[in-house]
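# Structural description and commentary
One-letter residues, chain by chain:
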Amino acid sequence: SNQGGRVYAFEPTTGERRWMIQEPDDGLHDYIRSPTKYEDLILYNSYGTETNDSRKSTIKAVDIETGDHRWQMEFDNEIDTQALPIDDSLFVGLSDSGVREYEIDTREKLNEWDQHLGLRDVVAQDGVLYTSVGSLQALSIDTGEVLWSIEPDDRIATKPTVGSEAVFYGTESGYIQAYNKDTGDQIWETRIPGMITNPLRYTDGVIGAQTRRGDLVAVGEDEGLQYYADQFESDYSMAISEKILLE
């Protein structure tokens, strides 16, 4: 039966529930995707998988403190609409018409691109969108112009990670690849043990990579030289805080 998706917010220091939103149980709001913070709002996508003419995907904005509804945008005949806030714009990925750009405050459509990017795998920095869905691409946020595009020989398994001079990707066969941010020219690639399935981590000129079998490897940004290697249990998780690795 259709239950309706739920969105929860918890206090960061105590873990106590701050609020909960129950979506309608009408078959159009069974799933929640990609909650994202934007200023004092939480944006999320509510959708169902009903294969009828009334199906729709809804992007909703709620108050981060109270969960109160602020606004919503509905897209008919869509299932899993993707949303990415950048500065004052909301980029929305649609299955039938590429990407639309809206002004967040007014929801006025500003631009439309004929690009199917997969916005959950996009990273934005300095006016450029980097994506790893299908081909590796860099696009201008202002115009949607493709600045460079590469068809990799190996299957890319991670979203982009952007460093000071390069953008980095991990492949299923265990390669870390570095490409010039401005031109897309490949700078280097280095092989590590195992399949890379999690996003690469970058801090202060060092790229951290973890593999499905539990390897943790750190390499330098400039030439891909290995600085560190260790092994943990498979499917472990990690984070980097103030240059300290947390496993």
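Residues numbered from 1 in each chain as written. Predicted model: local features only at pLDDT ≥ 70, side-chain atom pairs only at ≥ 80, totals over all residues. Heavy atoms only, no water.

### What to know about the overall build of the chain
Counting its secondary structure elements, the chain contains zero helices and 24 strands. Taking all 247 residues of the chain together, 45% fall into the buried category. In the chain, of all internal contacts separated by at least 6 residues, the share reaching a separation of at least 24 is 30%. (Helix = DSSP H or I, 4+ residues; strand = E, 2+ residues; numbered from the N terminus. Buried < 20%, exposed > 50% of the residue type's maximum accessible area, 1.4 Å probe, protein only. Contact = heavy atoms within 4.5 Å.)

### Here's the deal with the pairing of strand β4 (residues 41-47)
Where burial is concerned, most of β4 is hidden: seven out of the seven residues are buried. Burial along β4 is two-sided: the face carrying L41, L43, N45 and Y47 and the face carrying I42, Y44 and S46 are both buried. Where strand β3 (residues 31-38) meets β4, six bridges bridge the pair, whose relative direction is antiparallel. Bridge pairing links I32 to S46 in β4. The turn joining β3 and β4, which pair antiparallel and follow one another in sequence, is formed by two residues; a positive phi near 50 degrees is taken by E39. (Pairing = 2+ DSSP bridges.)

### Observations concerning unusual backbone geometry
Although it is not a glycine, D87 sits at a positive phi angle of roughly 55 degrees. Locating D87 in the fold gives a position in the loop between β7 (82-86) and β8 (89-94). By relative accessible area, D87 is classed as exposed at 66%.

### Focus on the packing of aromatic side chains
Inspection of the entire model under this criterion finds seven aromatic pairs. Ring centres 6.0 Å apart and planes at 15 degrees place the aromatic pair Y8 and F10 in the stacked group. On the basis of an interplanar angle of 40 degrees and a centroid distance of 5.9 Å, the ring pair of F168 and W188 is categorised as tilted. Pair noted here: F168 is in strand β16 (residues 166-170) and W188 is in strand β18 (residues 186-191), with a separation of 20 residues, a long-range link. (Phe/Tyr/Trp six-rings, centres within 6.5 Å; stacked < 30°, edge-to-face > 60°.)

### Digging into the sheet that holds β16
The sheet built from four strands is open, its strands ordered β15-β16-β17-β18 with antiparallel pairing. Each end of this open sheet is capped by a strand with a single partner; those strands are β15 (161-162) and β18. Where β16 lies against strand β17 (residues 175-180), five bridges are found, and the strand directions are antiparallel. Counted as the bridge partner of A166 is N180 from β17.

### Points about a nonpolar patch on the surface
A cluster of nonpolar residues, Y8, F10 and M20, forms a patch on the protein surface that exposes about 270 Å² of accessible area. If you trace the backbone, Y8 turns up in strand β1 (residues 6-10). (Patch = residues over 30% accessible without salt bridge, like charges linked within 9 Å, V, L, I, M, F, W, Y side chains within 5 Å. Areas by Shrake-Rupley, 256 points an atom, 1.4 Å probe, with all protein chains shown as cover. Salt bridge = Lys/Arg side-chain N within 4 Å of Asp/Glu carboxyl O.)

### Here we look at a negative patch on the surface
Taken together, the side chains of E39, D87, D88 and D105 present a region of like negative charge at the surface. Following the sequence through the fold, D88 ends up in the loop between β7 and β8. With a relative accessible area of 51%, D88 lands in the exposed category. (Lys, Arg positive; Asp, Glu negative; His and termini not counted. Charge placed at Lys NZ, Arg CZ, Asp CG, Glu CD.)

### Description of the environment of E189
Tracing the backbone shows E189 in strand β18. Classification of E189 by relative accessible area gives partly exposed; the value is 41%. In sequence terms E189 and Q177 are twelve residues apart; their C-alpha atoms lie 4.3 Å from each other. With residues near it in sequence (within four places) discarded, E189 still touches Y175, I176 and Q177. One polar contact links E189 to Q186, side chain to side chain, over a distance of 3.5 Å. (Polar contact = N/O pair within 3.5 Å; in protein donor to acceptor, adjacent residues only side chain to side chain.)

### Here we look at the pairing of strand β13 (residues 136-140)
Across the five residues of β13, five count as buried, placing the element largely inside the fold. The two faces of β13 match: L136, A138 and S140 on one face and Q137 and L139 on the other face are all buried. Of the strand pairs in this sheet, β13 and strand β14 (residues 146-150) are connected by four bridges, and their pairing is antiparallel. Of the residues in β14, the one forming a bridge with A138 is W148. Counting the residues that bridge the hairpin from β13 to β14 gives five residues, and of these G144 lies at a positive phi of roughly 80 degrees.

### Considerations on the confidence of the model for the chain
On average, residues of the chain score 82 in pLDDT, and 82% of them reach the 70 mark or higher. Long-range and interchain partners of residues 241-246, a stretch whose pLDDT sits below 50, account for ten contacts in this model, where long-range means more than four residues apart. (pLDDT = per-residue confidence, 0-100.)

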